[in-house]
Amino acid sequence: QLAAGYAAAALVNTFAPKPLSLGPSAPYDGGHAMVAEVLYTFMLCFVVLNCAASKRNTTQVLSDGDGKPTSASSSGGNQFFGLAIGFVIVAGGFAAGGISGGAFNPAVAMGLDIKNKGLGWGIWYAMFELLGASLAYMFYSIVRPDEHMSATDYINYSASLSTRCVSEFVGTFIVATTACLCVVTGADAAALAVAAAMMCMMYSLNNVSGAHCNPAVTLAAVARRSTFLSEGVSYVVFQMSAALCAGLVGTLFQSASPEKDVFKAVMLKTGYTSSAAVFELVFTCVLAYVYLAVSTAKPPPSQVAKQNFYFGLATASCQTAGTFACWNVVPVALSPAISTSVIAMGVLCTPGTSDARYNVCGYLALATLVELLGGLVAAYVFSFTHPKEKSPDAPIDAAKLVCEFWGTFVLVFTVGCCVMTSGPPAYTALAIGSVLMAMIYATGPVSGGNLNPAVSFALGLSGDMKWFQAIRYWIAQILGGVSAGFLASVLCAPHFAHVAPVEPFSWTYSLLAEVVYTCMLCFVVLNCAASKRNNPDSDGNQFFALAIGFVILAGGYAVGGVSGAAFNPAVALGLGVKHAGSVWAYLWALAELLGGLLASVLYFVVRPDEKFDDVAFQAYSPKLRARLVSEFLGVFVLVLTVTLNVSLASPAVALSAAAALMCMIYSLGGVSGGHFNPAVTLAVVTSGRGKCSPQDGCCYVAAQLLGGVVAGGLAALFKTGTDSATQLVLSPGKGYNLTEAGLAEMFFTFVLAYVVLAVATTTPPKFQLTRQNFQFALAIGSCVTAGGFAAGSISGGELNPAVALGIAANSLPKSFSNFLALGTWELAGGVAASAVFRMTHPTEFTSMAK
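Quick notes on the rules
Residues numbered from 1 in each chain as written. Predicted model: local features only at pLDDT ≥ 70, side-chain atom pairs only at ≥ 80, totals over all residues. Heavy atoms only, no water. Helix = DSSP H or I, 4+ residues; strand = E, 2+ residues; numbered from the N terminus. Rg over C-alpha atoms; globule rule 2.2 N^0.38 Å. Buried < 20%, exposed > 50% of the residue type's maximum accessible area, 1.4 Å probe, protein only. Areas by Shrake-Rupley, 256 points an atom, 1.4 Å probe, with all protein chains shown as cover. Lys, Arg positive; Asp, Glu negative; His and termini not counted. Charge placed at Lys NZ, Arg CZ, Asp CG, Glu CD. Salt bridge = Lys/Arg side-chain N within 4 Å of Asp/Glu carboxyl O. Phe/Tyr/Trp six-rings, centres within 6.5 Å; stacked < 30°, edge-to-face > 60°. Lys NZ or Arg CZ within 6 Å of the ring centre and 35° of its normal. Patch = residues over 30% accessible without salt bridge, like charges linked within 9 Å, V, L, I, M, F, W, Y side chains within 5 Å. Core = buried A, V, L, I, M, F, W, Y, C linked by side-chain atoms within 4.5 Å. Contact = heavy atoms within 4.5 Å. Axes fitted to C-alpha atoms, helices over the stretch in contact; angles between N-to-C directions. Parallel < 35°, antiparallel > 145°, perpendicular 65-115°, else oblique. Nonpolar A, V, L, I, M, F, W, Y, C, P; charged D, E, K, R; others polar. 1 Å grid on protein atoms, 1.4 Å probe; cavity = no way out; pocket = protein on both sides within 12 Å on 5 of 7 lines; lining within 4 Å. Points joined across faces, edges and corners; volume = space filled by probe spheres on them. Left-handed = near helix turned anticlockwise from the far one by under 90°. pLDDT = per-residue confidence, 0-100. Expected span 1.5 Å × (residues − 1). Bend = angle between axes of the 7 residues up to and from the residue. Disulfide = S-S within 2.5 Å.

Moving on to the overall build of the protein. Per the secondary structure count, the protein includes 33 helices and 2 strands. A compact globule built from 850 residues would reach a C-alpha radius of gyration of about 29 Å, and the protein, at 26 Å, matches this within 12%. Burial analysis of the protein (850 residues in total) assigns 58% to the buried set. As presented, the protein carries roughly 32100 Å² of accessible surface, and 67% of it is formed by carbon and sulfur atoms. For the protein, the separation between the mean place of its 38 positive charges and that of its 39 negative charges on side chains is 4 Å.

Below, the structure written as structure tokens:
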């Protein structure tokens, strides 16, 4: 590990504009840096131990007919461990990156300190990181004493109240401390950091205490009767104690920059207004509701795995959505613990008059009451949307309509807040996509989680929903959208949303954008949620909502500056409620329904077996034509998204591209393998094992390149709609030559292709009960995020010859030579991935030989 750290640092130093260095960031000193490194290395190792090493997180206890435990057996393992571990870096990087640099790893610290051969700050960082690891093991032993018990004691073990309270303390402390450090350092992605911390701690501690980490969630759980009252009171005491401790930690860091008035940073300029209270109430309610739906409700019959892979992701996404949606209105915390920790830090850090302190105490009391009320409302709504949790024989016809109304209301309210309050452009699509994903996960087991008339229309066309039901859903969805639009317009007055073409684009470009990305949205729904092949009743997938929600990230960043990126008639009509006489909202809705129609046509082109009878369905294997169409569509969506993001100067090109790739892989991985990249196809072909023949590989590459060219041509059409669009040119970044750009492309294409081979082409472990792979497309898309941000300024971060060709097609012939050079480097990365894969996964080839 240390050798790899040094080697990576040496490689980067060969073409970095300035040598790598490590040390505290001004105005913080070594003591502050060491505390930050201890804290988040502790969190990282604690999450690893709980999510990847804990027996309790990967086993279930079996009982006999009298309820007596008999043995512990594998439950198939969890598939969220990589997600939880990786997002510790998101939490700690944003919270402590401006203090220590955010290493949290001796190999990273020693590598970054290469100019001192690791003997400067590197050795000190490594020592304190190892201290963090030791503390992680200590607390792991406290919250999971059963991990060291005998087999008999392990089977009979149930966590004591004191153990569960410690669990709540640790989880709440990490979340609240992350919030405090984000306020102190002025992190621009505080909502994402806090949400990441919440998700990681939920995945780590859910089967210890439930991992509420929020008094409002605890109150909702008590009201829902999944937690006893006495237990809930104990939880709240420890949660609030953790919040106060987090506030004290925050003061240690604020002392380094006393000129910063944290007191003002956490207070509203206008006080806690009624509008601010409603925002806090709604989004706290959403967070608590989603927690109840995904963490306490009975799993659907189609869930074969004993583990729920998405509960932490769905709940934490509500924190992301709510905070970014209200960014410029009110600093919503959605948790009495976070409110207490941040405000306590502000009071302790900043001298103030007695009147000011009295006012802040009143602010805290009111915010806490509103957040707790949000928890109670969540439990009330949950009783209507999930009646079978109370009575298994309860009818659910009305509950389905309530789910569609409520889910659409939350979605449109979030969109309205983001648009009317001018939320941060870099995170607006993330907020909307996050809340859509969360609400689909929450309502999907009851109503299917359509939340969009275009989706219901596409499901009706595909035969997966009866038209009578689709019409009822339309009514509930539109009522939910209009109600949310009206409430948002009242709260955000005098600001309002207006559905219309975004200047300087004309209505033709805007409607085309709505058609294309609504088609993508409905296509992903059909493939990930409706397909019998991809989501069978006997073994349903758990990635459906993740794929659907991230379409908003792909399309929102790509065409938000063209059409506003509604992709949903309920959103268009809801946002246009203040201008009901305007024709634009209705034109948008019609364009989105057309997108649903096209999606249903394409769905049956790539999945003709969905119409077959049971015998033919079981015998079906995708024909080459269907696989080639699949590869064409996947590359088309990816390249169109990339080129539109680049030409329209999107603030999140890499994130949008990664989202598009992930969604299409989840949708079409079961048809063609979801390569969508000639370098990946080359890696799969050269890795052997019969995953893709050379003949099929050549056909795949041809379809991929064609998809890139067509998408590049369509992007050029959008470019003609405005003089302000950035010229698409395939070339190295400023200050870098073609060789340096090629090396960057080769390395990150190697990473991408290697991850594809490791997560999408390997044999599933025998203990895995489900045949579904939750994380494969998320892992692959994450490589594009990493490579795009890391190498974007060096090479453009295409990592894909089809993407490079799509960009080059806009500036031929001057970009063609660069395409040949960069494409060759990218193909070399694919070959290298295949070679390394043979060394890291020898059992794949041993089993093939046997």
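After presenting the structure, the write-up continues.
Time to look at the pattern of salt bridges. Evaluated as defined, the whole model comprises 7 salt bridges. Glu389 is the partner of Arg224 in a salt bridge, and the nearest nitrogen-oxygen pair spans 2.8 Å. Note that Arg224 is positioned in the loop between helix H9 (215-223) and helix H10 (229-254) and Glu389 in the loop between helix H15 (354-385) and helix H16 (397-420), a separation of 165 residues in sequence. For the pair Arg224 and Glu389, a shared accessibility class is recorded, and that class is buried. Put simply, Glu389 and Lys298 hold a salt bridge, and the shortest N to O gap is 3.9 Å. Placement of Glu389 in the loop between H15 and H16 and of Lys298 in the loop between helix H12 (274-296) and helix H13 (311-325) is noted, with a sequence separation of 91 residues between them. In this structure Lys298 comes out as exposed when scored by relative accessible area, which is 54%. One network of salt bridges, with partners in common, ties together Arg224, Lys298 and Glu389.

Scanning all chains against the criterion turns up 37 aromatic pairs. Consider the rings of Phe42 and Phe139, whose centres lie 5.7 Å apart with planes at 80°: the pair is edge-to-face. Here Phe42, found in helix H2 (residues 30-53), pairs with Phe139, found in helix H5 (residues 121-143); they are 97 residues apart in sequence, far enough to count as distant. Judged by centre distance (6.1 Å) and plane angle (85°), the ring pair of Phe80 and Phe311 falls under edge-to-face. Within this pair, whereas Phe80 is found in the loop between strand E2 (69-74) and helix H3 (81-100), its partner Phe311 is found in helix H13, the two being separated by 231 residues in sequence. Both residues of the pair, Phe80 and Phe311, count as buried. Residue placement shows Lys532 over the ring face of Phe617; its charged tip is 5.0 Å from the ring centre. Above the ring of Phe604, the side-chain terminus of Lys611 is found at 4.5 Å from the ring centroid.

On the surface, Leu461, Trp467, Leu594, Leu597, Leu598, Val601 and Val605 cluster together into a nonpolar patch covering about 550 Å² of accessible area. A total of 5 residues in the nonpolar patch trace back to one element, the largest contributor, which is helix H23 (residues 584-606). Positionally, Leu594 belongs in helix H23. The class for Leu594 is partly exposed, based on a relative accessible area of 40%.

A separate point is the nonpolar core. Counting residues in hydrophobic clusters, the biggest one holds 247 residues, and the most contacted among them are Met43, Phe279, Val290, Tyr441, Met520 and Tyr666. Of all the elements, helix H8 (residues 190-209) adds the most residues to this core, at 16 residues. Those residues within four positions of Phe279 in sequence are excluded, and the remaining contacts are Cys326, Val329, Val330, Val332, Phe413, Cys417, Leu491 and Cys492. Counting 6 residues, the second largest nonpolar core, distinct from the first, contains Leu22, Ala103, Ala109 and Tyr125.

When you line up the elements, Gly560 lands in helix H21 (residues 544-563). A relative accessible area of 27% means that Gly560 is categorised as partly exposed. Counting along the chain gives 50 residues from Gly560 to Ser510, while the straight-line C-alpha distance between them is 9.4 Å. Apart from residues lying up to four places away in sequence, Gly560 is in contact with Val502, Gly555 and Ala565.

A few words now on the packing of helix H7 (residues 161-185) against H8. Contact geometry of H7 with H8 gives a least axis separation of 9 Å together with a crossing angle of 170°. Looking at the two axes, H7 sits roughly antiparallel to H8. In this structure, H7 contributes Thr163, Arg164, Ser167, Glu168, Val170, Gly171, Ile174, Val175, Thr178, Ala179 and Cys182 to the contact, and H8 contributes Ala190, Ala193, Val194, Ala197, Met198, Met201, Leu205, Val208 and Ser209. Tallied by class, residues from the contact of H7 with H8 come to 13 nonpolar, 5 polar and 2 charged.

What follows covers empty space enclosed by the protein. Across all of its chains, the model carries 4 cavities of 30 Å³ or more by this definition. The space that makes up the largest cavity amounts to roughly 60 Å³. Val175, Met198, His212, Cys213, Asn214, Val217, Leu287, Thr315, Ser335 and Ile338 together form the lining of the largest cavity. Partitioning the lining of the largest cavity into residue classes produces 6 nonpolar, 4 polar and no charged.

What follows deals with the packing of H13 against helix H17 (residues 428-447). Axis separation between H13 and H17 bottoms out at 8 Å; the angle between their running directions is 145°. Two packed elements cross with a definite hand, and for H13 against H17 that hand is left-handed. Where H13 abuts H17, its residues Leu313, Ala314, Ser317, Cys318, Thr320, Ala321 and Phe324 lie against Leu430, Ala431, Ser434, Val435, Met437, Ala438 and Tyr441. Here the contact of H13 with H17 is composed, by residue class, of 11 nonpolar, 3 polar and no charged.

All right, on to the side chain of Ser630 then. Within the secondary structure, Ser630 is located in helix H25 (residues 624-647). Apart from the residues lying within four places of it in its own chain, the contact partners of Ser630 are Val606, Leu668, Val671, Ser672 and Phe676.

Below, the discussion takes up the confidence of the model for the protein. Of all residues in the protein, 93% attain a pLDDT of 70 or more, and the chain-wide mean is 89. Within the protein, helix H27 (residues 678-686) carries the highest mean pLDDT (97), whereas E2 carries the lowest (48). Here residues 61-74 is modelled with pLDDT under 50, and outside its nearest four sequence neighbours on either side it reaches 28 contacts, counting other chains as well.

Let's shift gears to unusual backbone geometry. Here the bond from Ala26 into Pro27 is cis, since omega is 10°, no more than 30 degrees from zero. Mapped onto the fold, Pro27 is located in the loop between helix H1 (2-13) and H2. Between Glu503 and the following residue, Pro504, the backbone shows a cis peptide bond with an omega angle of 5°. With respect to the secondary-structure elements, Pro504 resides in the loop between helix H19 (467-492) and helix H20 (507-530). Positioned with a positive phi, Arg225 is a non-glycine residue whose angle comes to about 70°. Tracing the chain through its elements places Arg225 in the loop between H9 and H10.

Moving on: helix H32 (residues 816-840). Spanning 25 residues, H32 covers 36 Å between terminal C-alpha atoms, matching the ideal 36 Å at 1.5 Å per step. Looking at H32, one finds that the buried residues are Asn818, Phe819, Leu822, Gly823, Glu826, Gly829, Gly830, Ala833, Ser834 and Phe837.

Along its length, helix H30 (residues 776-795) shows its largest kink, about 45°, at Phe789. Here H30 has its buried residues at Phe776, Ala777, Leu778, Ile780, Gly781, Cys783, Val784, Gly787, Gly788, Ala791, Ile794 and Ser795. For H30, the elements touching its buried residues are H3, H21, helix H26 (653-672) and helix H29 (738-760). Phi turns positive, to about 105°, at Gly796, one or two residues after H30.

Counted under the stated rule, the structure contains 0 disulfides. For Cys285, which is in no disulfide, the shortest distance to another cysteine sulfur is to Cys318 and amounts to 10 Å. On the accessibility criterion, Cys285 (4% relative accessible area) is buried. Lacking any disulfide linkage, Cys522 is separated from the closest cysteine sulfur, that of Cys519, by 7.4 Å.

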